[in-house]
Amino acid sequence: MVTGESRTVTRGTGDTVTAGTVATDSGLRVEITATGDDTTLAGIQRLVTEAQSSSSRAQRLADTAAGWLFWFALGSAAITAIVWILVGFPDAAVIRTITVLVIACPHALGLAIPLVVSIATERAARGGVLVKDRLALESMRTVDTVLFDKTGTLTKGEPRVSEVSVTDGRDADQVLALAAAAEVDSEHPLAKAIVRAAADKKLTVPGSRDFTSSPAVGVTATVDGTTVRVGGPHLLTEENADELPVVDQWRADGAIILHVVQDGDVIGALKLADEVRSESREAVDALHVLGVQVVMITGDAEAVAHAVAQDLGIDRVFAGVRPEDKAAKVQELQKEGRKVAMVGDGVNDAPALAQADVGLAIGAGTDVAIASAGVILASDDPRSVLSVIELSRAAYRKMKQNLWWAAAYNLISVPLAAGVLAPIGFILPMSVGAILMSLSTIVVALNAQLLRRLDLRPETTTRTILDR
């Protein structure tokens, strides 16, 4: 849904609806008030374009270093030739100059970063992470804030029955079975959650007939000769009945509350909520171990958002955020000096994914979200974010090691090739210079290969971080 709500939203005559929203319990007759560039989707696409065009693309460090090495090698060769000619050894000048050019060949420096990135990308793919933008992988190590969309990312994006409360003398499983019998013919997401809960408990659901559905009220059916109704506050108003006392606490938790009425008597209440992924708790805990702040953003109401945030231990919450405002929240964090990674899966997340320093899209999400992100998580496991961070940090360490090796190698070997130790009788043979040039490339390649030892499966990465 474009709205990003995890709960159903009631709309009446005169209210605004958005294309992409699913009507669950009745037909709709709508008036089109915006077309083309004026639609919500077109506005989201403009935000994506603006965010992408404002992203900086820094000069590759390896390219810059290789450029410096070219001038360093050229200058060193020229100085070598001039010095040896001036001291009266023109033949040696040719040999020494060639040796300098051979030993200063920028193979190692040119491979220092691309080889690491190539292996890192391959390891990421094996760990369920697809890297679209190399800079996104390189930037992930600097991220100090991860912004998660709630619905479909930290949660499963579908309601589930989390608790059943009954009146005296009633059995919770019996009430749930009756509710499932009344809801079995409904296509509403809440009805499916109730039927699924009964099936998970392997309850015997009695047959039903005379099913009817009333929008914003509930459903009614005849079950075992009795009239069973399931619905929200309007249902209780029609029945002139009171809600169960326990629902006050449920409402504070931001849950969806349905009551079950049998022949006019309230026999129980159902608490439904968007189910939090079990992996989300581990992901948040591990991010905290890494010193990363965790922020959640959602279009849901404050009560729902804060209940999930408290359950997971999330640091900050942006609730009730409209789709077009999500990118602005990312900018707000960036203005605080934070490096932000955004994780989302929906159309409404696309502008924020493009605006963030690193955008990570859930692979099961929408095409628009995937197109706006630099990294795609093949699974819907939020712990995959940890794999990206660990890989980025490990790859950066290898890049630094390779660059230092390549730079130090040239700083030491070029003067030797030029004959700086000739006054004390040591002259580096050209053949040895060729061997050293090859050796430097081999060292860089072998060091990059060590990245293959990384196990980037989300569960393994998370366990490693939590054990530190």
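Computed from a prediction, not measured in an experiment: that's the story for all the values here.

S.K.: Teacher, can you tell me more about the packing of helix α17 (residues 384-418) against helix α18 (residues 430-449) here?
M.R.: To describe two helices that pack against each other, one gives the angle between their axes and the distance between the axes. Between α17 and α18, the shortest axis-to-axis distance is 9 Å and the interhelical angle comes to 170°. When the axis of α17 is compared with that of α18, the two are roughly antiparallel. Contact residues: Lys-398, Gln-401, Asn-402, Trp-405 and Tyr-409 in α17; Leu-436, Met-437, Ser-440, Val-443, Val-444, Asn-447 and Ala-448 in α18. Within the contact of α17 with α18, the residues separate by chemical class into 7 nonpolar, 4 polar and 1 charged.

S.K.: Is there a simple way to think about the nonpolar core in this case?
M.R.: If you look at soluble globular proteins, the nonpolar side chains tend to sit buried side by side. One finds Met-140, Val-146, Leu-360 and Leu-377 to be the most contacted residues of the largest nonpolar core, which totals 48 residues. The element that contributes the greatest number of residues to this core is α17, accounting for 9 residues. Ignoring any residue separated from it by four or fewer positions in sequence, one finds Met-140 in contact with Ala-341, Val-358, Leu-360, Val-385, Val-388, Ile-389 and Ser-392. Of all hydrophobic cores here, the second largest spans 24 residues; its members include Val-175, Ala-182, Ala-198 and Val-223.

S.K.: Help me understand unusual backbone geometry in this model?
M.R.: Most peptide bonds adopt trans geometry, and most residues besides glycine take a negative phi value. At Asn-240, a residue that is not glycine, the phi angle is positive and equals roughly 55°. Within the secondary structure, Asn-240 is located in the loop between α10 (233-239) and α11 (247-252). We classify Asn-240 as exposed; its relative accessible area is 74%. Of note in the backbone geometry, Asp-263 takes a positive phi value of approximately 50° without being a glycine.

Calculation criteria
- Residues numbered from 1 in each chain as written.
- Predicted model: local features only at pLDDT ≥ 70, side-chain atom pairs only at ≥ 80, totals over all residues.
- Heavy atoms only, no water.
- Axes fitted to C-alpha atoms, helices over the stretch in contact; angles between N-to-C directions.
- Helix = DSSP H or I, 4+ residues; strand = E, 2+ residues; numbered from the N terminus.
- Parallel < 35°, antiparallel > 145°, perpendicular 65-115°, else oblique.
- Contact = heavy atoms within 4.5 Å.
- Nonpolar A, V, L, I, M, F, W, Y, C, P; charged D, E, K, R; others polar.
- Core = buried A, V, L, I, M, F, W, Y, C linked by side-chain atoms within 4.5 Å.
- Buried < 20%, exposed > 50% of the residue type's maximum accessible area, 1.4 Å probe, protein only.

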